[in-house]
Amino acid sequence: MITHGEPDDAEVIDRARRDPAAFSVLFDRHAPALHRYVTRRLGDSLADDVVAETFLAAFRRLTRYDTAHRDARPWLYGIAANLIGKHRRAEVRAYLALARTGTDEVAESYADRVEARVSASAAHQELAEALAVLSPEDREVLLMIAWADFSYEEVARALGIPVGTVRSRLHRARRKTRAALGGADPSAVEEEATRG
């Protein structure tokens with residue numbers, strides 16, 4: 001999060017082109033949230049590597065970043081999405097394991113699991129199963145909206161697709177997920193499961 005008086009991401013990137021040490025500001029600013037997002041997608045064991053690879057790739061591409069975009073999050077999440085794509089089988093296996101067992105080893109600590117298991121187990125299982133059967137493209141859009149809290153425009157920038165494609169993929173993902181959940185709104189189930 002940028003506070004008053006701090007340079008925005010474009011300014012940091014511009015400075016990092018001349019002084020590579022300035023890139024650490026971008027890392028400090030965005031790595032924690034990106035790590036949480038990747039952990040939810042792939043688990044803790046792969047998250048460290050994917051986040052490190054994301055920032056390494058971003059550093060190597062500094063000269064190509066369009067500083068007209070003041071927020072680098074979509075750019076970073078787009079790089080991460082490509083890296084997550086290399087681990088799609090692991091992601092789908094995790095969702096299928098959650099669907100079978102009701103235990104979310106990826107996103108929750110042991111204490112969280114014990115507390116939430118009773119009320120949210122069925123919802124988590126159904127949601128994981130629904131996520132596992134979505135196409136990778138639809139799942140990517142849905143999770144960037146739901147877990148990274150991106151706007152349609154930010155998802156479009158992150159994935160390099162038109163906003164209309166984001167809307168159609170999100171509509172399709174929500175429709176399929178809602179059907180798999182017996183008509184329940186997938187975002188409401190996720191919110192309830194998280195509170196549980």
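Thresholds, definitions, all that
Residues numbered from 1 in each chain as written. Predicted model: local features only at pLDDT ≥ 70, side-chain atom pairs only at ≥ 80, totals over all residues. Heavy atoms only, no water. Phe/Tyr/Trp six-rings, centres within 6.5 Å; stacked < 30°, edge-to-face > 60°. Helix = DSSP H or I, 4+ residues; strand = E, 2+ residues; numbered from the N terminus. Buried < 20%, exposed > 50% of the residue type's maximum accessible area, 1.4 Å probe, protein only. Axes fitted to C-alpha atoms, helices over the stretch in contact; angles between N-to-C directions. Parallel < 35°, antiparallel > 145°, perpendicular 65-115°, else oblique. Contact = heavy atoms within 4.5 Å. Nonpolar A, V, L, I, M, F, W, Y, C, P; charged D, E, K, R; others polar. Expected span 1.5 Å × (residues − 1). Salt bridge = Lys/Arg side-chain N within 4 Å of Asp/Glu carboxyl O. pLDDT = per-residue confidence, 0-100.

Visitor: Sorry if this is basic, but what is going on with the packing of aromatic side chains here?
Guide: Aromatic ring pairs are defined here through the distance separating the ring centres and the angle between the ring planes. Under the criterion given, the structure shown has 6 aromatic pairs. The interplanar angle of 55° and the centroid separation of 4.7 Å between the aromatic rings of Y65 and W75 together place this pair among those described as tilted. Of this pair, Y65 sits in the loop between α3 (44–60) and α4 (73–85) while W75 sits in helix α4, and the two are 10 residues apart along the sequence. Residue Y65 shares its accessibility class with W75, and that shared class is buried. Taken together through their ring pairs, the aromatic side chains of F23, F27, F55 and F59 make up a single cluster.

Visitor: What is the right way to look at the packing of helix α8 (residues 152–159) against helix α9 (residues 163–180) in this model?
Guide: In helix packing, the relevant descriptors are the interaxial angle and the interaxial distance, both defined with respect to the helix axes. With their axes 9 Å apart at the nearest point, α8 and α9 run at an angle of 105° to one another. On the basis of their axis angle, the class for α8 and α9 is roughly perpendicular. Every residue of α9 that contacts α8 at Y152, E153, V155 and A156 is listed here: V163, V166, R167, L170 and R174. Class assignment of the residues belonging to the contact of α8 with α9 gives a composition of 6 nonpolar, no polar and 3 charged.

Visitor: Would you mind going over α4 with me for this structure?
Guide: Side chains three or four residues apart in an α-helix point the same way, a direct result of the helix having 3.6 residues per turn. The terminal C-alpha atoms of α4, which comprises 13 residues, lie 18 Å apart, in line with the 18 Å expected from a rise of 1.5 Å per residue. In terms of residue burial, α4 counts as a mostly covered element, since 10 of its 13 residues are buried.

Visitor: Whenever I open this one, the pattern of salt bridges confuses me. Can you help?
Guide: Side-chain pairs of opposite charge can arise where the charged atoms are in close proximity. This model, assessed by the stated rule, comprises 9 salt bridges. Residue D8 pairs with R70 through a salt bridge whose shortest N-O separation is 2.7 Å. Note that D8 is positioned in the segment before α1 (9–18) and R70 in the loop between α3 and α4, a separation of 62 residues in sequence. Judged by relative accessible area, which is 17%, D8 ranks as buried. For the salt bridge of D71 with R73, the shortest nitrogen-to-oxygen distance reads 3.1 Å.

Visitor: Can you walk me through the confidence of the model for the protein chain in this structure?
Guide: Averaged over all residues, the pLDDT of the protein chain equals 83, while 79% of them reach at least 70. Confidence over residues 109–119 falls short of pLDDT 50; this stretch has 11 contacts with residues more than four positions distant or in other chains. This model gives residues 189–196 a pLDDT under 50, and the stretch forms 12 contacts once residues within four places in sequence are excluded.

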